[in-house]
Amino acid sequence: MIPAEFDYAVAESVDDAIGLLAEGGDDARPLAGGHSLLPFMKLRFAAPSLLVDLRRVADLRGVQRDNGSWKIGAMTRHADLQGRADLGLLGAAAGQIADQQVRNRGTIGGSLAHGDAAADLPAVLLALGGSVVVRGSSGEREIAAADLFQGYLTTAIAQGEVLTEVRVPALEGYGHGYEKFNRRSEDWAMVGVCALVKSADGVCEDVRIGLTHMASVPLRATAAEEALRGQPLDGEHIAAAAQQAAEGSEPLADLNATPDYKRHLARVLCRRALSTAAGV
Amino acid sequence: MTLAEIAGCAYIDATKMPEGMEMGLEQTLIYDPSNFVFPFGAHVCVVDVDAETGKVSVVRWVAVDDCGPAINPMLIDGQVHGGVAHGIGQALYEQVVYDANGQLVTGTFVDYALPTAEELPMIETDRTVTPSPSNSLGVKGIGEAGTIAATPAILNAVIDALRHEGITYIDMPLTPLRVWQAIEEARGRAEGPRETEQGVQLPPQGEGSAGSGPTIPEGGAQ
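Remember, it's a predicted structure, so these values are computed and weren't measured experimentally.

Q: Looking at this model, I keep getting lost on the interface of chain A and chain B. Mind explaining?
A: The parts lose accessible area when they come together, and the size of an interface is often stated as this lost area. Listed per partner, the contact involves 21 residues of chain A and 31 residues of chain B. Interface area, chain A with chain B, both sides summed: about 2100 Å², of which 54% is carbon and sulfur. Considering only the side of chain A, the residues that lose the most area to chain B are Arg183, Arg184 and Leu255 of chain A, jointly responsible for 39% of the buried surface there. Joining chain A to chain B, the criterion identifies three salt bridges. One salt bridge in this structure joins Arg271 of chain A and Glu52 of chain B, with 2.7 Å as the shortest N-O distance. Where chain A packs against chain B, one counts 13 residue pairs in polar contact (both at pLDDT 80 or more). For the side of chain A that touches chain B, a count of residues per class yields eight nonpolar, five polar and eight charged.

Now the structure itself:
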């Protein structure tokens, strides 16, 4: 429970952080809320040589509406997002992360950059069709959620880059549902399913389903989406579509679940999340 | 004479001690009760079992214990609350697991699941008062009462909820996976031998060693 020795620096701006990370070399890492990275360091799963703390970079914090999308600073705390009805699915999912103490410290950028398949926000970003903005010594680029998560705890963010902003479309007119299954309320998701449904006269005009912890990366349940799109939004059609929720997933066995059990949970949770999203 | 002066004599100035008394302020007495005390009580709980996922939630808890005359009722309630939390932990959450290589995989409180306030019900306590004849206060133990009563109360409630499925026994802890597997087996849908948790081959139901060994009573848990 004691981390390996590391150096620590506090960045005063994003450019300052980029400079410190470049000086720090290959094992330097940005530090956001520290609620994933620091436990990993204590377990010696991670041993960065330098932590560049972003907490004083004030312009990385805050939520702004920009036409049809939300721009959320990477250092915005989960507690700043939780329960915000105007943020829809994102606000609902942020409120289910771990417990209030973690939400008071953990950040949206830190969670996404960590890329844990059992965390709540990666699948939410994927379902929303959002993106992240990263900046490094060679400039700024935007990475779509579909390209961001590349493997277990591995993202497309390069060494030396800092995640600065999260962008999600506002998706007006969509209902949402988030079903997180765990043994205790503060635990990571054994399986999570988030759903966004747009209804037109009781028919499913659009649907997006994100799966948490059903592979080493978050997934879209595309088979279930296709099964429901264009269909009446009633219990029967939702249940039929949810049967496809685990198609294409590759859940790993862990302490609390077998792959078969996770696939079963995905189908059950998908039906519940879709029902909530569709209001049926 | 003040307490400070007494302490000063007892620990600093031996010349002021009364004749025949040694330095220090210590006294040892041994009380040997004539008999054990026998506290008793009953706990009743109501659980929800999500038949689709196997997740168990405790929705109501009523505990009536008898520890004789209540000297400090708040402390008695606290003992019962703590004991019930421990009992629920054993019944539903807590488990020491080693993988096939002998590596402990429940080495932190992330993996070794203790129930938190969110998982615990409000506990409704009450008392009957039957003084013990074996001590002058008539008091009886209360510290273990909750934990002794809670575990079987949960187990019996879950088995009662699943009785219509033909389920009479599930090994502790009643994790969602185990409850779901028991339902699947009862419905004839389980495929092959029981699946493994973290690469560990599980014993058949009823032969586990979840703290108590094979404990199937005649005719199943009633």
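The discussion continues.
Q: How do you make sense of the environment of Gly143 of chain B when you look at a structure like this?
A: Along the chain, Gly143 of chain B turns up in the loop between β3 (123-127) and α3 (145-162). For the pair Gly143 of chain B and Arg189 of chain B, spaced 46 residues apart in the sequence, the C-alpha separation amounts to 43 Å.

Q: Looking at this structure, how should I read the pairing of strand β5 (residues 69-73) of chain A?
A: Every regular strand shows the same layout, with side chains that alternate between the two sheet faces. Residues and elements named next belong to chain A. In terms of burial, β5 is largely enclosed, as four of its five residues are buried. Across four bridges, strand β4 (residues 63-66) lies against β5 in antiparallel orientation. Following the sheet pairing, Arg65 is matched in β5 by Trp70. Between the antiparallel neighbours β4 and β5 lie two residues, among them Asn67 with a positive phi of about 50°.

Q: Got a minute to help me understand the sheet that holds β3 of chain B in this structure?
A: Whether parallel or antiparallel, the strands of a sheet pair through hydrogen bonds between backbone atoms. Residue and element names in this part refer to chain B. Here we have three strands laid out as an open sheet, ordered β1-β2-β3, and mixed in their pairing. Across the chains shown, the open sheet's two edge strands, defined by having one partner strand only, are β1 (40-49) and β3. The average undirected angle you get between the axes of adjacent strands in this sheet is 10°. The pairing of β1 with strand β2 (residues 56-66) spans ten bridges and is classified as antiparallel. What sits directly across from Val47, in β2, is Val58. Against the sheet, helix α2 (residues 73-93) engages β1, β2 and β3, with an angle of about 130° to β3.

Q: Looking at this structure, how should I read the packing of aromatic side chains?
A: The description of an aromatic ring pair uses the distance of the two centres, along with the angle that the planes make with each other. Throughout the structure, instances matching the rule amount to two aromatic pairs over all chains. Consider the rings of Phe40 of chain A and Phe45 of chain A, whose centres lie 5.6 Å apart with planes at 70°: the pair is edge-to-face. You can call Phe40 of chain A buried: its relative accessible area is 17%. On the basis of an interplanar angle of 40° and a centroid distance of 4.9 Å, the ring pair of Tyr261 of chain A and Trp180 of chain B is categorised as tilted. One end of the pair, Tyr261 of chain A, is in helix α11 (residues 259-278); the other, Trp180 of chain B, is in helix α4 (residues 176-186), on a second chain. Assessed through its relative accessible area of 8%, Trp180 of chain B is described here as buried. Sitting over the face of the ring of Trp70 of chain A, Arg65 of chain A holds its NZ or CZ atom 5.0 Å from the ring centroid. A cation over a ring is seen here: Lys55 of chain B above Phe181 of chain A, with NZ or CZ 5.3 Å from the ring centre.

Q: Got a minute to help me understand unusual backbone geometry in this structure?
A: With glycine set apart, most residues show a phi of negative sign, and most peptide bonds adopt trans. In the segment running from Met172 of chain B into Pro173 of chain B, the intervening peptide bond is cis, with an omega of -10°. Within the fold, Pro173 of chain B resides in the loop between α3 and α4. You will see that Leu153 of chain A, though not glycine, has its phi angle at about 55°, which is positive. Counting through the fold element by element, Leu153 of chain A comes out in the loop between β8 (149-151) and β9 (154-155). With a relative accessible area of 25%, Leu153 of chain A lands in the partly exposed category.

Cut-offs and rules
- Residues numbered from 1 in each chain as written.
- Chains lettered and ligands numbered in written order.
- Predicted model: local features only at pLDDT ≥ 70, side-chain atom pairs only at ≥ 80, totals over all residues.
- Heavy atoms only, no water.
- Contact = heavy atoms within 4.5 Å.
- Buried area = accessible area lost by both parts, 1.4 Å probe.
- Salt bridge = Lys/Arg side-chain N within 4 Å of Asp/Glu carboxyl O.
- Polar contact = N/O pair within 3.5 Å; in protein donor to acceptor, adjacent residues only side chain to side chain.
- Nonpolar A, V, L, I, M, F, W, Y, C, P; charged D, E, K, R; others polar.
- Helix = DSSP H or I, 4+ residues; strand = E, 2+ residues; numbered from the N terminus.
- Buried < 20%, exposed > 50% of the residue type's maximum accessible area, 1.4 Å probe, protein only.
- Pairing = 2+ DSSP bridges.
- Axes fitted to C-alpha atoms, helices over the stretch in contact; angles between N-to-C directions.
- Phe/Tyr/Trp six-rings, centres within 6.5 Å; stacked < 30°, edge-to-face > 60°.
- Lys NZ or Arg CZ within 6 Å of the ring centre and 35° of its normal.

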